[in-house]
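Residue-level structural notes
Each chain, letter by letter, is given below.
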Amino acid sequence: MDSIIEVSGITKVYQKRKTKEKIQAVDNISFQVKRGEIIGLLGPNGAGKTTTIKMICGLLKPDSGQILINGVDNEKHRLRALTHISAVLEGSRNLYWRLTVRENLEYFAGNRGVSRKNVASRVEDLLQKFRLKDKETELVNRLSRGMQQKLAIAVAMLADTEVILLDEPTLGLDIETGYEVREILKAIAKEENRTVIISSHDMDVIQDICERTIIINQGKVVTDDRIEDLLKLFEVRSYTITLGEHLNEKQEHLIKERFLDYQYESNRIQPKLSVELLKTEDIYQLFDILKLNETPVEAIDREIIQFEQVFMKIVKGETTNGVDQVKSQSV
Ligand SMILES: Nc1ncnc2c1ncn2[C@@H]1O[C@H](COP(=O)(O)OP(=O)(O)OP(=O)(O)O)[C@@H](O)[C@H]1O
């Protein structure tokens with residue numbers, strides 16, 4: 001079987017206790033995840049990422065729809081389906097706060113079916129890998145949030161489950177620990193046969209680690225694509241051109257008419273012109289307009305679209321079709 005996770009039409013509505021107001025957290029979401037894939041579940045605050053993760057790992061029941069883990073329905077055959085999954089949810093809830101780092105790893109190793117003869121080597125291996133060796137006798141409630149998060153991920157790695165779900169793994173971590181966790185996640189992602197689903201609103205984490213991203217907004221999947229394909233799809237090249245002289249009115253009018261996001265800073269000795277192009281070749285149209293008045297070009301700077309901008313465009317509902325095409329008429 002190709003897909004290890006098949007999510008079909010799941011929905012979830014919450015009802016606020018006091019006001020009875022209904023909130024559609026997840027609205028008919030479907031996607032599939034292949035074995036060994038590293039998926040990023042991306043979306044703004046309140047998009048429905050955590051609710052989706054909780055439904056996959058059986059902590060919440062969908063109101064409708066179905067989730068198959070390795071072909072097994074996670075509602076009808078919960079335990080059998082969930083043997084394939086480890087999850088780290090927000091707030092390091094999978095740890096015992098009054099046990100030490102080592103005791104947690106040893107306890108959960110037994111609990112997750114690591115054979116007695118393998119426990120010591122597995123625990124030692126994870127202490128090294130997660131750089132927790134010098135903290136092994138420390139109680140969990142004395143650890144920093146970053147250390148707790150590393151331990152929570154280490155615990156999730158104990159059993160060789162095929163799927164690891166990580167909900168906001170770098171949220172609230174300082175820059176250094178966030179970087180370290182990201183490096184650990186990259187290493188996990190490279191391990192063969194692990195399927196990893198990471199939910200985050202940190203674009204760098206998703207771009208750095210994941211091959212494919214599912215973008216959720218207001219409970220719906222708005223994009224499900226490879227990150228490099230998304231970047232290509234939204235490739236709009238931004239150019240800033242420093243001019244030796246000011247544009248005349250006709251030139252300004254033509255540029256405004258033909259280019260996306262035109263900006264002209266004329267209140268400087270060397271005026272700056274910024275335009276967005278869909279195709280590199282479109283720059284020649286601009287040169288033609290500059291030639292109309294022999295306007296000298298002093299410098300050209302190019303900025304390639306970042307994943308963060310792609311995300312913002314998708315969440316705002318822009319598609320490549322929605323972006324006005326540069327008009328092809330010649331000057
Ligand atoms: N237990 C709950 N009761 C009522 N509403 C809830 C509950 N849990 C989540 N919600 C609401 O459901 C929506 C989706 O929440 P969810 O936590 O799944 O989003 P998220 O994408 O994980 O957001 P964030 O990035 O902020 O964690 C939000 O509007 C949230 O306020």
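What comes next concerns the included structure.

Reading the values: rules and limits
Residues numbered from 1 in each chain as written. Predicted model: local features only at pLDDT ≥ 70, side-chain atom pairs only at ≥ 80, totals over all residues. Heavy atoms only, no water. Core = buried A, V, L, I, M, F, W, Y, C linked by side-chain atoms within 4.5 Å. Buried < 20%, exposed > 50% of the residue type's maximum accessible area, 1.4 Å probe, protein only. Contact = heavy atoms within 4.5 Å. Helix = DSSP H or I, 4+ residues; strand = E, 2+ residues; numbered from the N terminus. Arc of directions from axis to C-beta. Polar contact = N/O pair within 3.5 Å; in protein donor to acceptor, adjacent residues only side chain to side chain. Pairing = 2+ DSSP bridges. Salt bridge = Lys/Arg side-chain N within 4 Å of Asp/Glu carboxyl O.

**Some details on the nonpolar core**
- Counting residues in each nonpolar core, the largest one holds 50 residues, and the members touching the most others are Leu105, Leu151, Ile153 and Ile198.
- Setting aside chain neighbours within four positions, we find Leu105 in contact with Val123, Leu126, Leu127, Leu151, Ala154, Val155 and Leu158.
- Listed in part, the 27 residues of the second largest apolar core include Ile4, Ile5, Val7 and Ala47.

**Notes on the environment of Trp97**
- Its location among the elements puts Trp97 in the loop between strand E6 (85-88) and helix H3 (101-111).
- For Trp97, a relative accessible area of 38% translates into the label partly exposed.
- Expressed as a C-alpha distance, the spacing of Trp97 and Gln148, which sit 51 residues apart in the sequence, is 9.4 Å.

**Structural notes on helix H9 (residues 249-258)**
- Residues Gln251, Leu254, Ile255 and Arg258 constitute the buried set of H9. Seen end-on, H9 carries its buried residues on one side only, within an arc spanning 95°. Residues of H9 that are exposed and angled more than 90 degrees away from the buried face: Glu249 and Lys256.
- Buried residues belonging to H9 abut strand E12 (260-265), strand E13 (272-277) and helix H10 (283-291).
- The backbone nitrogen of Lys250 has a side-chain oxygen 3.2 Å away, supplied by the residue at the start of H9, namely Asn248.

**Examining the pairing of strand E7 (residues 163-167)**
- Judged by how many residues are buried, E7 sits mostly within the fold: five of five residues are covered.
- Side-chain alternation along E7 places Val163, Leu165 and Asp167 on one buried face and Ile164 and Leu166 on a second face that is also buried.
- Relative to E7, E6 runs parallel, the two being bridged by four bridges. Following the sheet pairing, Ala87 is matched in E7 by Leu165.
- Examined bridge by bridge, E7 and strand E8 (residues 195-200) share five bridges and lie parallel to one another. In the strand pairing of E8, Leu166 is matched with Ile198.

**Some details on the pattern of salt bridges**
- By the definition in use, this model includes 22 salt bridges.
- With a shortest N-O distance of 2.7 Å, Glu162 and Arg35 are connected by a salt bridge. Remark: Arg35 occurs in the loop between strand E2 (22-34) and strand E3 (38-42) and Glu162 occurs in the loop between helix H5 (145-158) and E7; sequence separation between them is 127 residues.
- Take Arg35: its relative accessible area is 37%, and that puts it in the partly exposed class.
- Its salt-bridge partner being Glu124, residue Lys133 comes within 2.7 Å of it at the nearest N-O pair.
- For Glu124, a relative accessible area of 26% corresponds to the partly exposed category.
- Here the salt bridges share partners, and the residues they tie into one network are Arg102, Glu106, Glu124, Lys133 and Glu136.

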